[in-house]
Amino acid sequence: MKQEGLFAKGRKRYKVTTNSKHNLPIAPNIVNRNFDINTKNTVWVSDITYISTQSGWLYLSTVMDLYSRRIVGWSLNNRMTKQLVTSSLQEAIHSRKPEKGLVFHSDKGSQYASTELRNILQVIGGKQSMSRRDNCWDNAVAESFLRL
């Protein structure tokens, strides 16, 4: 194979990004796979993905409006912290200025269960929604966007 310039294609590296084994409060699943939304800025979904670079891993947090399927906020960092997701949510709030009652849906990761994120939602009159444990289908729209 070496003489012919052939090489084996390696498997795509997998990195777990959700830490749902924590003692932080878990929100109910308000969205419950209802992804057909008729009004903008009423339901946003969020997820984190990772990007391998020559310098190491980068983490991307996105916030998507379910109505338009547009990314309304995002944040990039070399660490997967609560600041990563709060920054993307704050950017979305700043750019879209949602009305009271916004539903923000995510997985049960510790970044999304943080006090800081819940406080941001409380200030704008938003409600938090989280997927069921180990069920990627509950956040399928955000998951499928990030798995291009």
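Look above for the structure.
From a predicted model like this one, the values you see are computed outputs, not experimental measurements. (Residues numbered from 1 in each chain as written. Predicted model: local features only at pLDDT ≥ 70, side-chain atom pairs only at ≥ 80, totals over all residues. Heavy atoms only, no water.)

Draft legend 1. Broad picture of the overall build of the chain. If you tally the helices and strands in the chain, you get 3 helices and 5 strands. Taking all 148 residues of the chain together, the buried fraction comes to 44%. Taking contacts inside the chain between residues at least 6 apart in sequence as the whole, the part at least 24 apart equals 64%. Carbon and sulfur atoms make up 50% of the accessible area of the chain, which totals about 9400 Å². (Helix = DSSP H or I, 4+ residues; strand = E, 2+ residues; numbered from the N terminus. Buried < 20%, exposed > 50% of the residue type's maximum accessible area, 1.4 Å probe, protein only. Contact = heavy atoms within 4.5 Å. Areas by Shrake-Rupley, 256 points an atom, 1.4 Å probe, with all protein chains shown as cover.)

Draft legend 2. Just the pairing of strand β1 (residues 43-53), in detail. Buried residues dominate β1, accounting for 8 of its 11 residues. Both β1 and strand β4 (residues 103-106) contribute to a ladder of 3 bridges, which runs parallel. Paired with Trp 44 across the bridge in β4 is Phe 104. Between the antiparallel neighbours β1 and strand β2 (residues 56-65) lie 2 residues. (Pairing = 2+ DSSP bridges.)

Draft legend 3. Molecular detail of the nonpolar core. With 21 residues, the main nonpolar core has Trp 44, Leu 89, Phe 104, Tyr 112 and Leu 117 as its most contacted residues. For this core, the secondary structure elements donating two or more residues are β1, β2, α1 (82-96) and α2 (115-124). No other element matches the 5 residues that α1 contributes to this core. Grouped together as the second largest cluster of nonpolar side chains are 8 residues, Val 43, Val 45, Met 64 and Leu 66 included. (Core = buried A, V, L, I, M, F, W, Y, C linked by side-chain atoms within 4.5 Å.)

Draft legend 4. Seen up close, a nonpolar patch on the surface. A grouping of Ile 51, Ile 71, Trp 74 and Leu 76 is seen on the molecular surface, where their side chains present a nonpolar patch of about 340 Å² in accessible area. The greatest single-element share of the nonpolar patch, amounting to 3 residues, is contributed by strand β3 (residues 70-77). As for its position among the elements, Trp 74 is in strand β3. (Patch = residues over 30% accessible without salt bridge, like charges linked within 9 Å, V, L, I, M, F, W, Y side chains within 5 Å. Salt bridge = Lys/Arg side-chain N within 4 Å of Asp/Glu carboxyl O.)

Draft legend 5. Layout of the pairing of β2. Across the 10 residues of β2, 7 count as buried, placing the element largely inside the fold. Where β1 and β2 come together, 10 bridges link them in antiparallel fashion. Residue pairing across strands places Ser 52 opposite Trp 57, the latter belonging to β2. Alignment of β2 against β3, held across 7 bridges, turns out to be antiparallel. Considered in β3, the bridge of Tyr 59 is made with Asn 77. Where β2 folds back onto β3 in an antiparallel hairpin, the turn is made up of 4 residues, including Arg 69, whose phi is positive at roughly 60°.

Draft legend 6. Examining α1 more closely. With 15 residues, α1 should cover 21 Å at 1.5 Å per step; its first-to-last C-alpha distance of 21 Å lies within 8% of that length. Within α1 the residues assigned to the buried category are Leu 84, Val 85, Thr 86, Ser 88, Leu 89, Ala 92 and Ile 93. Contact partners of the buried residues in α1: β1, β2, β3, β4 and α2. Backbone geometry just after α1 places Lys 97 at a positive phi near 45°. (Expected span 1.5 Å × (residues − 1).)

By themselves, these figures tell us nothing about what the structure is for.
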